[in-house]
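Descriptive structure summary
The chain contents come next:
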Amino acid sequence: MRQTLVRVVGGVVMSALAFGGATACKSDSGSDSAAGGDCGYKIAFFGALSGGNAQLGINIRDGAKLAVDQYNEKNKDCAVTLVEKDSAGSPDQAPPLAQSLIQDTKILGVVGPAFSGESKVADPILSEAGVVIITPSATNPALATNGWKTFHRGLGNDASQGPAAAAYIKNEFKATKAFVIDDASEYGKGLSDQVKSTLGSLVVGSAVVKEQQTDFSAVVQQIKSVQADAVFFGGYVREAAPFLKQLRESGSQAKFIAGDGVKEEVLVTGAGAANAEGAILTCPCMPGEKAKGTFAADYQKATGRAPNTYSAESFDAANILLNGIKAGNTTREKLNDFVNKYEGEGVTTNFKFQPNGELDPKSVQIWAYKVQGGKIVADKEIEQG
Amino acid sequence: MNFSFVGDNFLSLTVTGLTQGAIYALVALGYTLVYGVLRLINFAHSEVFMVGTFTTAVVWTALGYGVNDPAPGALGVVLLVVVAMLAAGAASGATGLVVERVAYRTLRKRNAPSLIFLISAIGASVALFETMGALTDRQPRGIPVLLKVKEVFSLFGASVTNLQIVIIVSALAMMVLLDLFINKTRLGRGVRAVAQNPDVAALMGVNKDRVIMLIFVIGGIMAGFASVLYDIKVGTTTYTVGFLIGIKAFTAAVLGGIGNLRGALLGGLLLGVVENLGAGLFGNEWMDVVAFIVLVVVLLFRPNGLLGESLGRARA
Amino acid sequence: MNAVISKVRQADEGRVRAVTGLRSRWSNLPKPWRFAVVAAFVILLYSLPGLELPIISTPDTDFNSVLFLCAVYVLVAVGLNVVIGLAGLLDLGYIGFYAVGAYTVAILGSPNSPVVQKFPWIVCVPIAIAFTMVSGVILGWPTLRLRGDYLAIVTLGFGEIIRVFALNSTITNGNRGISAVPSPGGDWPSWMSWFPGIDAGTKIFSITNVIGFYWLALTIVIICMLGVRRLENSRVGRSWLAIREDEDAAEIMGVPTFKYKLWAFAIGAALGGLSGALFFSKQTFINSQSFDLFTSILWVAAVVIGGAGNQLGVALGAVLLAYLPERFREFADYRLLAFGIALIVMTSFRPQGLIPSNRRSSELKDRAKEVTVGE
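Residues numbered from 1 in each chain as written. Chains lettered and ligands numbered in written order. Predicted model: local features only at pLDDT ≥ 70, side-chain atom pairs only at ≥ 80, totals over all residues.

1. Things to note about the overall build of chain B
- The number of helices and strands found in chain B is 12 helices and 4 strands.
- The C-alpha radius of gyration of chain B comes to 19 Å, within 12% of the 20 Å expected for a compact globule of 316 residues.
- A buried classification covers 62% of the 316 residues belonging to chain B.
- The contacts of chain B with a sequence gap of at least 6 include a subset with a gap of at least 24, amounting to 79%. (Helix = DSSP H or I, 4+ residues; strand = E, 2+ residues; numbered from the N terminus. Rg over C-alpha atoms; globule rule 2.2 N^0.38 Å. Buried ≥ 20, exposed ≤ 12 C-beta atoms within 10 Å, placed from the backbone. Contact = placed C-beta atoms within 7 Å.)

Structure (structure tokens):
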């Protein structure tokens, strides 16, 4: 019997550990922001709040939550609720959530879906039911080409970020031999393809890395053997950090540039500050501290953290929906018309949507960030064209 | 297919492959020991390794060696590595022990079929990595850079760095020690006896339970050592790090002949090299496919792996 | 603490007695009665989307979609049960077959796939089944000569190869995936509009209303379960049993073991392919993200926990695997952790599974008696 006891106790200890640890990490899990004077309208957040990609989702949720809270503060007589749909970023889990979302007729609009993969399965469902979609983060260009009539994108897509990164490689790095890497993901490959086609003959080689790969010897060897002087990495930080470390440790001094998926502090800690120094990261997101108005301070106050990737974009997206509701557009159809015709200043940029749902190209801004002294700091806005 | 690239860089790819293979080999020992004695796949061994990778990070941080500190001098490096190995070995060994007690012992007493053990071990694996996921907020964690990597000597044009030497040499030293332990000591003889015939060994007065605990702990310690080398090499870890390394290490163990310690070494090194050459030849994305196809081909011709099974007869 | 554990054990044993009692009483019932009970249960299953059941339905997600997912997982479990439960072959890469079936339908049927010639859904699905069956034979031919654990690692490799291929090949569009995966056509006739949630004239198989897909999946599940049941009690089924119990003895007794193992693999593969085809017809979009090995391993766990060898058992295991995480969405992060702990606890208390196969549980008892010396 004793060994059974050990098993049971072991299981209990494991779970206790996990619950204890996790509750310590998560302080704000309140889901509904509705106060009194609720007149019933809702907007939804759709994206990953659990699983491996949760951090990005949490940034977005917090941005939207801040917008809703501020709105409710000013409009106590008609508060709006934020509904949270946690997809874990998985296309498999998205459709049932989208279906439950459309069944609640009080939900007029969605901030999200956060990723491009889940967007592909959730957006047709949402669009068919007329729910207004404003994604603050899904940057795959193909999303706007499906004729989804309620789709809007509140930031530039990969087709603008890719050429911007390529322009940086050409004009700032003045590179002559570029090596392009992607991780075969929807996002990474899309971005890398854009870079490749813009750079054209400057590209001397390319490679595909695997998800969760940690040993990049073969790729690094390839980069060395073609003597590349610039490396573009289209993918996420989990693979980029060890890659950058091994690239530098092989003695290569090729300049490193990557997309927004790599713009996280762990790039610096994982690769080592010395190895990461000078790495350039592009992002269709403006530096949080440069956002207009009091957003950065408000966000810090509400969440205890500085605004992170996509927080400001999601704040803007939520505000567009809320403005529409305030203006009396309280059906999905009316709200969609409102967003289609919307023209206004947000904290990130000036919002005006094209008929296919893309942001007006004039409003798209791509920023370059730079690793400097062990920190990711804003470098400059990249000029387009 | 890129023959000219592989041709030009054959030695470089082999050296880097050996480095990765040394880590596979150390992890593979855990699978091989448990399989050799119990004839079971310890599915949770990958998480034993994962726990080790985090231990190093935590211990170094606790010692005041932060992620942005400059690399320490030679004495500092040795000190940090020794401390990390002790801590990670202890943490992983303890995890191995917990896995044995929680996921294996009751079932062993009931003589359950091996499928049930597999499921129980999968449960332990899930519980462990999910716990770590919750504790780390599911974020990757950076590990301080230990070595200022530089080329030590050049082997026919392939540069060999201090990092590679550290990893390969310490892995080999570990393997030799373990081999001596199993083959020369009293406890090691007990392990071999139980592996050969548990019933007879029990009749001869070998404490089977203790032997089984021992192999879980030793496998854990080896995985802990591997995790330190991994941390030095890779520089980041996440809660899901074990799964892939675990599958690779298990493949290595099967390749060399599961249950056979020297087979684990051979399988690990071979897998590392084959993978790296395959990645050079067919493209990095086909690395795993190459590894598995090699495994199937080897098993077709040598159904018990390259060096054959059996921990008990490893000496013969 | 010890007292608690033995109490739990006792309660469980009581429950087992009750179940066995129920089972013998059940087989003593006259045939029409049994038929009536089964029919009532099936009708209940079909009417689930229309009944607004309080506790059972899922508050945070669409209940019909969850029902559909359950049905697909049951089909997966039925197929995997043929391989693991009946023939005793450990297949950790079963998801490879699921992927092959799904991709076959997507590539042959979707206007967005690189293959030019397009076929309607009803043509794609049989091709997908045939194709997965062939892939099962191709995998099985060289590998089924290997024993137990070697087979496990090789099948695991197969599952991973399929995923890597789907991720990097042009025929699958890489990770951009294939959208507009075909689904069956047809509109709801007006005489069906009495059922809650159905509007006459709308599409039966639509992305916004999953009732049609659920009924289709349920029907296929029932047909397949009946089919496998027939197989189980045939010459083939008895050969599988012999192989599972002792392969060498079976071979000596004249059972062509390799041939029947290959059959088990092929049939299991076909069912896996069918379930993949079904799931992605509803999903309408496919990319390699859905085919990770971890899911495959969870399926094996569901089959064993449910009760390998018993169709009802594996079906229950699959339903729990599909349903519980959706029902308890509010616990977000802890669902998988709870699952892991449940696996440890379940194997400890009920190694034979929730609804065990008769033969398997008696086998377990025998083994427990054979505990070696020195324990």
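2. Some points on the overall build of chain C
- For chain C, the count of helices and strands is 14 helices and 2 strands.
- Computed over the C-alpha atoms, the radius of gyration of chain C is 22 Å, within 12% of the 21 Å expected from 2.2 N^0.38 for a compact globule of 375 residues.
- Expressed along its principal axes, the backbone C-alpha trace of chain C runs to roughly 65 × 50 × 45 Å.
- Across the 375 residues that make up chain C, the buried fraction comes to 52%.

3. Quick look at the nonpolar core
- Of all hydrophobic cores here, the largest spans 354 residues; its most connected members are Phe232 of chain A, Leu26 of chain B together with Ala77 of chain C.
- Among the elements that take part in this core, helix H3 (residues 63–86) of chain C stands out by supplying 19 residues, more than any other.
- Each of domain 1 (16–156 + 292–363) and domain 2 (159–283) of chain A gives at least three residues to this core.
- Those residues in contact with Phe232 of chain A, other than ones at most four positions away along the chain, are Ala165, Ile169, Ala178, Val180, Ile181, Ser192, Val195, Ile257 and Ala258 of chain A. (Core = buried A, V, L, I, M, F, W, Y, C linked by C-beta atoms within 7 Å. Domains from an automatic or database assignment.)

4. What to know about the pairing of strand E7 (residues 203–208) of chain A
Residue and element names in this part refer to chain A.
- As paired elements, strand E6 (residues 178–182) and E7 share 5 bridges and run parallel to each other. Counted as the bridge partner of Asp182 is Val208 from E7.
- Assessed by its sense of winding, the connection that carries the chain from E6 through helix H6 (residues 186–199) to E7 is right-handed. (Pairing = 2+ DSSP bridges. Right-handed = clockwise from strand over helix to strand, strands pointing away.)

5. Let's talk about the environment of Lys380 of chain A
Residue and element names in this part refer to chain A.
- Considering the arrangement of structural elements, one finds Lys380 in strand E14 (residues 375–382).
- You can call Lys380 exposed: it has 11 C-beta atoms within 10 Å.
- With 324 residues separating them in the primary sequence, Lys380 and Leu56 have C-alpha atoms 23 Å apart.

6. What about the sheet that holds E6 of chain A?
Residues and elements named next belong to chain A.
- Read from one edge to the other, the open sheet built from 7 strands follows the order E7-E6-E8-E9-E10-E13-E14, with strand pairing classed as mixed. Each having just a single partner strand, E7 and E14 make up the two edges of the open sheet. Strand-to-strand, the axes of this sheet are offset by a mean angle of 25°, without reference to chain direction.
- Of the strand pairs in this sheet, strand E8 (residues 230–234) and strand E9 (residues 255–258) are connected by 4 bridges, and their pairing is parallel. When the sheet's bridge partners are listed, Phe233 is paired in E9 with Ala258. (Axes fitted to C-alpha atoms, helices over the stretch in contact; angles between N-to-C directions.)

7. Describing the interface of chain B and chain A
- The partner chain A presents 44 residues to the 44 residues of chain B that form the contact.
- Among the secondary structure elements, those contributing two or more residues to the side of chain B that touches chain A are helix H1 (3–8), helix H2 (10–38), helix H4 (74–109), helix H5 (114–135) and helix H11 (261–282) of chain B.
- Here the element with the most residues in the side of chain B that touches chain A is H4 of chain B; it accounts for 6 residues.

8. Here's the deal with the environment of Lys261 of chain C
All names here are of chain C.
- Structurally, the position occupied by Lys261 is in helix H10 (residues 257–283).
- Considered as a pair, Lys261 and Ala87 are 174 residues apart in the sequence and their alpha carbons are 6.7 Å apart.
- What Lys261 contacts, discounting residues up to four positions off in sequence, is Ala87, Leu89, Gly140, Leu144 and Ile243.

9. With respect to helix H2 (residues 54–74) of chain A
- Relative to the 30 Å expected for 21 residues at 1.5 Å per residue, H2 of chain A spans 30 Å between its end C-alpha atoms, a close match to the ideal helical length.
- Within H2 of chain A, 16 of the 21 residues are buried, leaving the element largely enclosed by the surrounding structure. (Expected span 1.5 Å × (residues − 1).)

10. Some remarks on unusual backbone geometry
Residues and elements named next belong to chain A.
- A cis geometry characterises the amide bond from Gly112 onward to Pro113, with omega recorded as -20°.
- Assignment of secondary structure puts Pro113 in the loop between strand E3 (107–111) and helix H4 (116–128).
- The phi dihedral of Lys174 is positive, around 50°, even though this residue is not glycine.
- As for its placement among the helices and strands, Lys174 is situated in the loop between helix H5 (158–171) and E6.
- What makes Lys174 exposed here is the crowd of 10 C-beta atoms within 10 Å.

11. Some words on H3 of chain C
Residue and element names in this part refer to chain C.
- With 24 residues, H3 extends 32 Å between its outermost C-alpha atoms, agreeing within 8% with the 34 Å of an ideal straight helix rising 1.5 Å per residue.
- Bending of H3 peaks at approximately 40° at the position of Leu80.
- Taken across its 24 residues, H3 has 24 buried, putting it largely inside the fold.
- Of the residues flanking the end of H3, it is Gly88, one or two places downstream, whose phi is positive at about 70°. (Bend = angle between axes of the 7 residues up to and from the residue.)

12. Observations regarding the pairing of strand E3 (residues 158–161) of chain B
All names here are of chain B.
- As defined by bridge partners, strand E2 (residues 151–155) adjoins E3 across 4 bridges and the pair is classed as antiparallel. Across the sheet, Glu151 pairs through a bridge with Thr161, a residue of E3.
- Counting the residues in the hairpin turn of E2 and E3 gives 2 residues, including Phe156, whose phi is positive at 50°.

13. What about the packing of helix H10 (residues 241–256) of chain B against H11 of chain B?
Residues and elements named next belong to chain B.
- Taken N-terminus to C-terminus, the directions of H10 and H11 make an angle of 120°; their axes are 7 Å apart at the nearest point. The angle between H10 and H11 places the two elements in the oblique class. Where H10 crosses over H11, the handedness of that crossing is right-handed. Facing Lys248, Thr251, Ala252, Ala253, Leu255 and Gly256 of H10, the residues of H11 in contact are Gly263, Ala264, Leu266, Gly267, Gly268, Leu270 and Leu271.
- Of the residues in the contact of H10 with H11, the class split is 7 nonpolar, 5 polar and 1 charged. (Parallel < 35°, antiparallel > 145°, perpendicular 65-115°, else oblique. Left-handed = near helix turned anticlockwise from the far one by under 90°. Nonpolar A, V, L, I, M, F, W, Y, C, P; charged D, E, K, R; others polar.)

14. What to know about the confidence of the model for chain C
- Predicted confidence across chain C gives a mean pLDDT of 87, with 96% of residues reaching 70 or more.
- Among the prediction metrics, the complex's ipTM stands at 0.87, with pTM recorded as 0.87. (pLDDT = per-residue confidence, 0-100.)

15. Some remarks on the environment of Val194 of chain B
All names here are of chain B.
- As for its position among the elements, Val194 is in helix H7 (residues 186–196).
- Residue classification places Val194 among the buried positions, given that 28 C-beta atoms sit within 10 Å.
- Note: C-alpha distance between Val194 and Gly36 (158 residues apart in sequence) is 9.1 Å.
- Non-local contacts of Val194, meaning those with residues more than four positions away in its chain, are made with Val37, Ala201, Val206, Lys208 and Val211.

16. Some thoughts on the packing of H2 of chain B against helix H9 (residues 208–234) of chain B
Residues and elements named next belong to chain B.
- Their axes nearest at 9 Å, the elements H2 and H9 cross at an angle of 170°. One way to sum up the angle between H2 and H9 is to call them roughly antiparallel.
- By residue class, the composition of the contact of H2 with H9 is 19 nonpolar, 4 polar and 1 charged.

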